[in-house]
Amino acid sequence: MQTIHQILDKADSLISKEVVVHGWVRAYRSGGSGKLHFIKVYDGSTIKDIQCVFEGTMDKLDYQSSVIITGTLVTSPAKGQTHEVKATSVKLLCGCDPTTFPLPQTELELQTLRHHPDLRMRLPTSQAIMRIRHRITQTIHNFFDEQDFTLVQTPLITQSDCEGAGEAFSVVTSADKDFFGEGVKAYLTVSGQLQGEAAARGLGRIYTFGTTFRAEKSKTSRHLAEFLMIEPEMAFYDMDMTIDLAIRMVKACIQACLVKCMDEIVVLEKKCPGLVKKLEDTVAKDFMIITYTEAIEILQKSGATFEVAPVWGIDMSSEHERFLTENIFDRCTVVKCYPKDIKAFYMHENDDGKTVASFDLLIPGVGELIGGSQREVRYDVLKAKMDAKGLDYKWYQDLRRYGNVPTSGYGLGFDRLVRYITGIEHIRDVVPFPVAYQSLAM
Ligand code: 4AD
């Protein structure tokens, strides 16, 4: 069985040969006094439809009906496609009653489609987004594979709250209070980093690619309660080497989409004019790299008014982050060396005693895409910080006692990267089945 992608890809060698198309009706019209039937079929293997032309008598086909069409591949005499199928048989598998099917055959707002996660993957915009998600996923695996990284699966149910921000969902069973042992508390992971640090001491370079959960009560266009995070962790890397890796990875993902998903990007460009140029510029331009202290000074000198005044020590808001990337630098920007008091316990404390070796990679239109750091590997410093916060993951501290090495890593919010590459404004529109605050659709 061939997909439409395979048929179109090998079209020249399939001319005059029999092909069988399995898919759904994107559009149907009849002409030639009702004797010619033009059926545009999609099957999800490519963003392109294939036109099938049947001559004879047949019933009208409703939009989104499923069909199997057999015929001969020919060069198309009409505009709009290079090849088409001269159909000899059109088999209707299942109709799709337009009086009850919830999606009309018109251009629909993404916000409307958000209420139909069960149906929206039948439409070109969602199909383009999903195919780009797939391309980014493949690129990330290749990117790390080529550099001797090992993919490590870290647990979804864990005892540790890595970020220590109190945003973890608890895991309980309805019947058994002590499922994991008497009094043992269990959470859905907010990050695989702590386990990643253990794996990197032994495997050298690892990455995770997994579902992550945050109970953030946030309905913004960049927050989900369940999202994908990619977390590389590298032995013998410092912060600057890690920033370099992060930038190369983001550029590799965009470049792969420009090369392999141009048809999808062209579909999305209709919703986001200038998308191709934005992506090409992102690959071509150097990312800006500044310190947190410089970022605050730049925001102060800008003369702009912000909801929260930019003073040293604040946790920059998305308003500040977007101002830097969109109004000041007009490019992706890395901000490094944040104040230690606003960052997590595991980050390496710099010699100035005030900042940590951490960084955020910020992107225009979205804000923070990546958060990363060089880890605190001095046992005594780490233990003191964890004691002060009442954290006692002894195994994590002990990593610093046995064959200890410096490690660094970062977490990339996959769904935010998809937002940037597709140009889609709301994170819930780029996730197959979004789970977000006060929104559990399925
Ligand atoms: O900056 P974060 O919290 O970093 C960590 O979790 C580190 N442990 C990563 C590491 O060093 N291994 O999260 C990393 C990224 C953010 O930059 C953001 O892109 C994404 O995860 N993210 C979210 N994406 C969607 N919805 C949310 N609620 C998110 N919270 C974080």
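Look a little higher up for the structure.
Each chain has its residues counted from 1, running along the sequence as written. In view of the model being predicted, local features appear only for residues whose pLDDT reaches at least 70, and side-chain atom pairs are presented and counted only at 80 or more, with totals across whole chains, interfaces and linings using the full set of residues. Processing note: side-chain calculations cover all non-hydrogen atoms of the structure and skip hydrogens and water entirely.

*Asks:* What is the right way to read the site of the ligand from this model?
*Replies:* What surrounds the ligand is a group of 23 residues, the closest being Glu163, Gln193, Glu231, Glu368 and Leu369. Between the ligand and Ser191, the relevant distance is 3.0 Å, taken from a nitrogen atom to a side-chain nitrogen or oxygen of the residue. A distance of 2.9 Å separates an oxygen atom of the ligand from a polar side-chain atom of Arg214. Here the open area of atoms and residues is found with the Shrake-Rupley method and a 1.4 Å probe, where only the protein chains shown may cover a residue. Considered on its own, the ligand offers 630 Å² of accessible surface; in the complex 93% of this is hidden by protein. Each helix is a run of H or I in the DSSP string that is no shorter than four residues. Each strand is a run of E no shorter than two, and both are numbered from the N terminus. Only strand 10 (226–235), strand 14 (367–374) and strand 15 (407–413) provide two or more residues apiece to the shell around the ligand. Think of it this way: one heavy atom of a residue within 4 Å of a molecule or strand is enough to make that residue near it. Definition of a polar contact: a pair of N or O atoms within 3.5 Å, with one able to donate and the other able to accept a hydrogen when the atoms are protein atoms, and with sequence-neighbouring residues admitted only if both atoms are side-chain atoms.

*Asks:* Can you walk me through the sheet that holds strand 13 (residues 358–363) in this structure?
*Replies:* Note: strands within a sheet are paired through backbone hydrogen bonds, in either parallel or antiparallel orientation. Here a strand pair is declared whenever DSSP counts at least two bridges between the two strands. In space, the 8 strands of this open sheet follow the order 6-9-10-15-14-13-12-11, with mixed pairing throughout. Each edge of the open sheet carries a strand with a single partner, namely strand 6 (150–151) and strand 11 (288–291). Relative to strand 15, strand 14 runs antiparallel, the two being bridged by 5 bridges. Looking at the pairing, Ile370 lines up with Leu412 of strand 15. Note on contacts: a residue pair qualifies if any of its non-hydrogen atoms lie within 4.5 Å across the two residues. Lines fitted to the C-alpha atoms define the axes, with helices restricted to the stretch that makes contact. Angles between their N-to-C directions range from 0 to 180 degrees. Each of strand 10, strand 11, strand 12 (333–336), strand 13, strand 14 and strand 15 is contacted by helix 6 (residues 239–260), which is oriented at about 30 degrees to strand 15, the strand it contacts most.

*Asks:* Any chance you could explain helix 10 (residues 318–328) here in plain terms?
*Replies:* Helical geometry: 3.6 residues make up each α-helical turn, so side chains three or four residues apart lie on a common side. Working definition: with a 1.4 Å probe on protein chains only, accessible area under 20% of the residue-type maximum means buried, over 50% means exposed, and in between means partly exposed. All of the buried residues along helix 10 are His320, Glu321, Phe323, Leu324 and Thr325. Where helix 10 is buried, its residues meet helix 9 (292–301), strand 12, strand 13 and strand 14. Just past helix 10, the residue Asp330 takes up positive phi, approximately 55 degrees.

*Asks:* Is there a simple way to think about the sheet that holds strand 4 (residues 66–75) in this case?
*Replies:* With mixed pairing, the 5 strands of this closed barrel are ordered in space as 1-2-3-5-4. Adjacent strand axes in the sheet meet at a mean angle of 50 degrees when their direction is disregarded. Bridge analysis of strand 1 (residues 18–31) against strand 4 gives 7 bridges, and the strand direction is antiparallel. The residue of strand 4 that forms the bridge with His22 is Ile68.

*Asks:* Can you walk me through the pattern of salt bridges in this structure?
*Replies:* Side chains bearing opposite charge may pair, as long as their charged atoms lie close to each other. Whenever Lys or Arg places a side-chain nitrogen within 4 Å of a carboxyl oxygen from Asp or Glu, that contact is recorded as a salt bridge. Summed over the entire model, instances satisfying the criterion amount to 24 salt bridges. The partner of Asp429 in a salt bridge is Arg120, and the shortest N-O contact between them spans 3.9 Å. Here the residue Asp429 occupies a position in the loop between helix 13 (414–422) and strand 16 (435–436), and Arg120 occupies one in the loop between helix 3 (110–113) and helix 4 (124–145), the gap between them amounting to 309 residues. On the basis of relative accessibility, which here comes to 3%, the residue Arg120 falls in the buried class. Among the ionic pairs, Arg375 bridges to Glu197, the shortest N-O distance being 3.7 Å.

*Asks:* Where do I start with the nonpolar core in this structure?
*Replies:* If you look at soluble globular proteins, the nonpolar side chains tend to sit buried side by side. Of all hydrophobic cores here, the largest spans 68 residues; its most connected members are Ile136, Phe144 and Leu361. Take this core: its biggest share by element is 11 residues, from helix 6. If we skip the residues at most four places from it in the chain, Ile136 touches Cys253, Cys257, Phe414, Leu417, Val418 and Ile421. In this description, a nonpolar core means a group of buried Ala, Val, Leu, Ile, Met, Phe, Trp, Tyr and Cys residues linked to one another through side-chain atoms lying within 4.5 Å.

*Asks:* What is the right way to look at a nonpolar patch on the surface in this model?
*Replies:* Taken together, Leu156, Ile157, Phe179 and Phe180 make up a surface patch of nonpolar side chains, about 390 Å² in accessible area. Here Phe179 lies in the loop between strand 7 (157–158) and strand 8 (187–188). For patches, a residue must show more than 30% relative accessible area and have no salt bridge; joins then use 9 Å for like charges and 5 Å for nonpolar side chains, namely Val, Leu, Ile, Met, Phe, Trp and Tyr.

*Asks:* Is there a simple way to explain the pairing of strand 5 (residues 83–94) in this structure?
*Replies:* Residues in a regular strand project their side chains so that they alternate between the two faces of the sheet. Sheet topology note: the strand 3 (residues 50–55)/strand 5 ladder contains 4 bridges and is parallel. Bridging from a neighbouring strand, Gln51 pairs with Glu84 of strand 5. The sheet contact formed by strand 4 and strand 5 spans 10 bridges and is antiparallel. Bridge pairing links Val74 to Glu84 in strand 5.

*Asks:* I tried to follow the environment of Glu107 on my own but got confused; where do I start?
*Replies:* By the secondary structure assignment, Glu107 is in the loop between strand 5 and helix 3. Remark: the alpha-carbon pair of Glu107 and Thr125, spanning 18 residues in sequence, is separated by 9.7 Å.

*Asks:* Help me understand the packing of helix 7 (residues 262–269) against helix 8 (residues 275–284), please; the structure alone is not making it clear to me.
*Replies:* For any two helices packed against each other, one specifies the crossing angle of their axes together with the interaxial distance. Axis separation between helix 7 and helix 8 bottoms out at 9 Å; the angle between their running directions is 125 degrees. Classified by the angle between their axes, helix 7 and helix 8 sit oblique to one another. Residues Met262, Ile265, Leu268 and Glu269 of helix 7 touch helix 8, and the partners they reach there are Leu275, Val276 and Leu279. When residues are sorted by character, Ala, Val, Leu, Ile, Met, Phe, Trp, Tyr, Cys and Pro go into the nonpolar class, Asp, Glu, Lys and Arg into the charged class, and all the rest, Gly among them, into the polar class. Looking at the contact of helix 7 with helix 8 residue by residue, the classes come out as 6 nonpolar, no polar and 1 charged. Should an angle fall under 35 degrees it is taken as roughly parallel, and over 145 as roughly antiparallel, whereas 65 to 115 is taken as roughly perpendicular and any remaining angle as oblique.

*Asks:* Looking at this structure, how should I read the layout of surface pockets?
*Replies:* Think of a ball as big as a water molecule: rolled over the atoms, this probe shows where empty space is left. Here a cavity means grid points, on a 1 Å grid over the protein atoms only, where a 1.4 Å probe fits yet cannot get out; a pocket means an open set of points with protein on both sides within 12 Å along at least five of seven lines; lining residues are those with an atom within 4 Å of a point. Grid points are joined across faces, edges and corners, and a volume is the space filled by probe spheres set on the points. The volume enclosed by the largest pocket comes to roughly 1,000 Å³. Around the largest pocket, the lining comprises 44 residues; the ones closest to its centre are Glu163, Arg214, Glu216, Lys343 and Glu368. Of all the elements in the fold, those that place two or more residues in the lining of the largest pocket are strand 10, helix 10, strand 14, strand 15 and helix 13. With 6 residues, strand 14 is the single largest residue contributor to the lining of the largest pocket. Split by residue class, the lining of the largest pocket holds 17 nonpolar, 11 polar and 16 charged. The volume enclosed by the second largest pocket comes to roughly 650 Å³. In this structure, the second largest pocket is lined by 31 residues; those nearest its centre are Cys272, Lys278, Gly423, Ile424 and Glu425. Secondary-structure elements contributing two or more residues to the lining of the second largest pocket are helix 3, helix 8, helix 10 and helix 13.

*Asks:* Just checking my understanding: could you explain unusual backbone geometry for this structure?
*Replies:* Leave glycine aside and you will find that most residues have negative phi; peptide bonds, for their part, are mostly trans. Positioned with a positive phi, Phe236 is a non-glycine residue whose angle comes to about 70 degrees. By relative accessible area, Phe236 is classed as exposed at 59%. A positive phi is found at Asp330, a non-glycine position, where the angle reads about 55 degrees. Relative to the elements of secondary structure, Asp330 occurs in the loop between helix 10 and strand 12.

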